[in-house]
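# Per-entry structural report
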Amino acid sequence: MKNLLKKWIALFLALSMIVMLPGCGSSQAKAEEENNLEAQKQVEVIKLAGGDWGYPTPYGIYPRGPGSRKMALIFDALVTTDVDGNIIPRLATEWQASEDGLVYTLKLRPDVKWNDGEALTAEDVVFSYDYQKTYIPVNAVDFSKVVSMEATESQTVNITITEPDPKFMSTLTSFNIIPKHVWETVIDPNNYQDAKAVVGTGPYKLTDYSKEHGTYRFEINEEFWGNEPKVKEIKFIPVSEEILAFEQGEVDRISITPDVLDRFESNDEYEVMQYVTSWAYRLYYNMNNESDFANVTFRQALAYAINRDQLVEKIERGAAVPGNPGVLHPTNKLYNGAVEQYANDPQKAEELLDSIGFKDTDGDKIRENDSGEKLSFTLLADEGSTRLAELIKQDLALVGVEVNVQTTDTKSRDARFAAGDFEMVINGSGGGEDLSEVTNVKKSAKATSTTAEVIGYNNPEVDRLYTAQLKATGPEEQLKLSGELQNLVAQELPKLTLYYTNTIAVHRPKVYNGWSADTYHNDARINFVAD
């Protein structure tokens, strides 16, 4: 597996020389992208595949990326990050820390207005802080280090923190500012879906939404403080078959699978963009409900038994990256390539199972644990990962572990995962790259439990290394600590990354050609405005 992984890394590097690999963006790529967007003529409307991801307010969205990205069309944070992770202005144009590092002074962008015409002031920022401490939004901000936030002038905010933290400004990238004059009387924000709830300072305003049909319509916010968006209207519409809808001109950009790539690459009408991403399918075990999973040797045996290379070949036709047991994608700057990779080895898996007394004692080809109970588990998956679950079932059957696949819709899978209502589950997401999932360190005030608590995993050394690498003051120290953390996680395997997906998107340049090289998400703000 190590050799295969090295091959993939080499392939990434080679590909980066000849095709667009936006997931590995750079300042140069960003500049080129902005130039492309600048050159893009404004178009009247772009249509994209819809689906309900909640009302696009900080409190109304469904807690997955499509909801957050739609909200970001309307709401702004004080700062954001560029493709290199550097903090850059958004509503705040400049900031400075005091000599002792305990007070940050932020200057707001002048003359910013809400899309209802009211002026943005420092009071709105302070109100947003106070309100979001009381009513925690879907994407909660970690305010644990904030002692106070006050408006010292109409466009100036002082933030006092508990201890010096050179990375504090990154906290504010997810702090969405909401208008005081709208929200100050709202006491049930989660169910507040009045038209005023979507008063924001961002480039678009919501003009239509149907939860039932999963449709949205966003139109340009004439009061927007930044560059004029290149698309006047963005519509999300119901689509049953995306490729057919795209070919018939009903939607303007879709993601495709490798098996239909030739169909579009060979047609000059279309342009294909390929993205390497860290979005991954991961396998989780419920150690709270199934004590067998608490045995690390059992988890290692499962890792040897599951053929991740085959998953990539059979499901993604090779256009994906086998999962790293150390969690991080090979292109991550903190990636430790020396961790154990668990190359597919059913014999090794069986030896490990034998070593812990998990043997087939009655000849039915299903092993029993040391208490005589059959190794038979239910694997929960959503519609998109059913085939993946079936292949895992086949792999584990070869070593005497029975799997029964249970399929549900994505939202039900998410709800059952969060509630710990599963034995094994496949979950796919772009999160998890920072390894917080395997710790018991709560990332936000809203978190009532961590993923580690849900799956029943607790290792104080993992928590210590995770916290230490976050506080590392230099890149070398962070690389060292993160490498140790990845090595430990790969040994213990509280979750198994199955593979990282690559994304292929296709659009018609004649319709719109402002699509970002830095994100494969069709609904991302960066596709429509360089603010």
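Looking at an unreviewed UniProt entry, the protein chain carries the name Gluthation ABC transport system substrate binding protein GsiB, with the source organism given as Acetobacterium woodii.

Moving on, we get to the environment of L485. Among the structural elements, L485 can be located in helix 15 (residues 475–492). For L485 and G420, which are 65 residues apart along the polypeptide, the C-alpha to C-alpha distance reads 25 Å. Aside from chain neighbours lying at most four places away, what touches L485 is L435, V462, L465, Y466 and Q469.

Right, let's get into helix 10 (residues 346–355). Listing the buried residues of helix 10 in full gives A349, L352 and L353. Along the long axis of helix 10, the arc covered by the buried residues comes to 100°, so they all point the same way. The exposed residues of helix 10 that point more than 90 degrees off its buried face are Q347 and S355. Summarising the contacts, the buried residues of helix 10 are in contact with helix 8 (296–305). Looking one or two residues beyond helix 10, the residue adopting positive phi is G357, at roughly 80°.

Let's shift gears to the side chain of S385. You can see S385 is positioned in the loop between strand 14 (376–382) and helix 11 (386–397). Not counting residues up to four positions away in its chain, the partners in contact with S385 are Y281 and I426.

For the coordinates displayed, the defined rule picks out 34 aromatic pairs. Judged by centre distance (6.0 Å) and plane angle (80°), the rings of Y216 and F236 are edge-to-face. Of the two residues, Y216 is situated in strand 9 (residues 215–220) and F236 in strand 10 (residues 231–237); the sequence distance between them amounts to 20 residues. A residue is classified by how much of its surface remains accessible, and Y216, at 2% relative accessible area, is buried. Note on F236: relative accessible area 3%, which makes it buried. On the basis of an interplanar angle of 40° and a centroid distance of 4.6 Å, the ring pair of F293 and F377 is categorised as tilted.

Read across the sheet, four strands follow the order 1-10-9-8 without closing on themselves; strand pairing throughout is mixed. Here the strands that pair on one side only, and so sit at the sheet edges, are strand 1 (43–49) and strand 8 (204–210). The mean angle between the axes of side-by-side strands here comes to 15°, regardless of whether they run parallel or antiparallel. With four bridges connecting them, strand 9 and strand 10 associate as antiparallel partners. Paired with R217 across the bridge in strand 10 is K235.

Along any regular strand the residues' side chains alternate between the sheet's two faces. Two elements, strand 14 and strand 15 (residues 402–408), share seven bridges in a ladder whose sense is parallel. Considered in strand 15, the bridge of T378 is made with N404. Regarding topology, helix 11 serves as the crossover connection from strand 14 to the parallel strand 15, and that connection is right-handed.

Our next topic: the packing of helix 8 against helix 10. The geometry of helix 8 relative to helix 10 is characterised by a closest axis approach of 7 Å and an angle of 165° between their N-to-C directions. Looking at the two axes, helix 8 sits roughly antiparallel to helix 10. Crossing of helix 8 against helix 10: the hand is left-handed. Residues T297, F298, Q300, A301, Y304 and A305 of helix 8 touch helix 10, and the partners they reach there are P346, K348, A349, L352, L353 and S355. Its residues placed into classes, the contact of helix 8 with helix 10 shows eight nonpolar, three polar and one charged.

Positive phi is not limited to glycine here, since D111 has a value of about 65°. Within the secondary structure, D111 sits in the loop between strand 5 (103–108) and helix 4 (122–134). Its relative accessible area of 73% is what places D111 among the exposed residues. The backbone of V327 shows a phi angle near 80°, a positive value even though the residue is not glycine. Following the sequence through the fold, V327 ends up in the loop between strand 13 (320–322) and helix 10. A relative accessible area of 0% places V327 in the buried class.

If you walk through the whole model with that rule in mind, you get 21 salt bridges. A salt bridge links D165 to K145; the shortest N-O distance between them is 3.0 Å. With D165 in the loop between strand 7 (156–161) and helix 5 (180–183) and K145 in the loop between helix 4 and strand 6 (146–153), this pair connects stretches of sequence that are 20 residues apart. Taking relative accessible area as the criterion, D165 reaches 13% and is therefore assigned buried. Two residues, K374 and D362, come together in a salt bridge whose shortest N-O distance is 2.8 Å. Residue K374 is found in the loop between helix 10 and strand 14, and its partner D362 is found in the loop between helix 10 and strand 14; the two are separated by twelve residues along the sequence. Taking the relative accessible area as the measure of exposure, D362 reaches 46% and is therefore partly exposed.

Reading the values: the criteria
- Residues numbered from 1 in each chain as written.
- Predicted model: local features only at pLDDT ≥ 70, side-chain atom pairs only at ≥ 80, totals over all residues.
- Heavy atoms only, no water.
- Helix = DSSP H or I, 4+ residues; strand = E, 2+ residues; numbered from the N terminus.
- Contact = heavy atoms within 4.5 Å.
- Buried < 20%, exposed > 50% of the residue type's maximum accessible area, 1.4 Å probe, protein only.
- Arc of directions from axis to C-beta.
- Phe/Tyr/Trp six-rings, centres within 6.5 Å; stacked < 30°, edge-to-face > 60°.
- Pairing = 2+ DSSP bridges.
- Axes fitted to C-alpha atoms, helices over the stretch in contact; angles between N-to-C directions.
- Right-handed = clockwise from strand over helix to strand, strands pointing away.
- Parallel < 35°, antiparallel > 145°, perpendicular 65-115°, else oblique.
- Left-handed = near helix turned anticlockwise from the far one by under 90°.
- Nonpolar A, V, L, I, M, F, W, Y, C, P; charged D, E, K, R; others polar.
- Salt bridge = Lys/Arg side-chain N within 4 Å of Asp/Glu carboxyl O.

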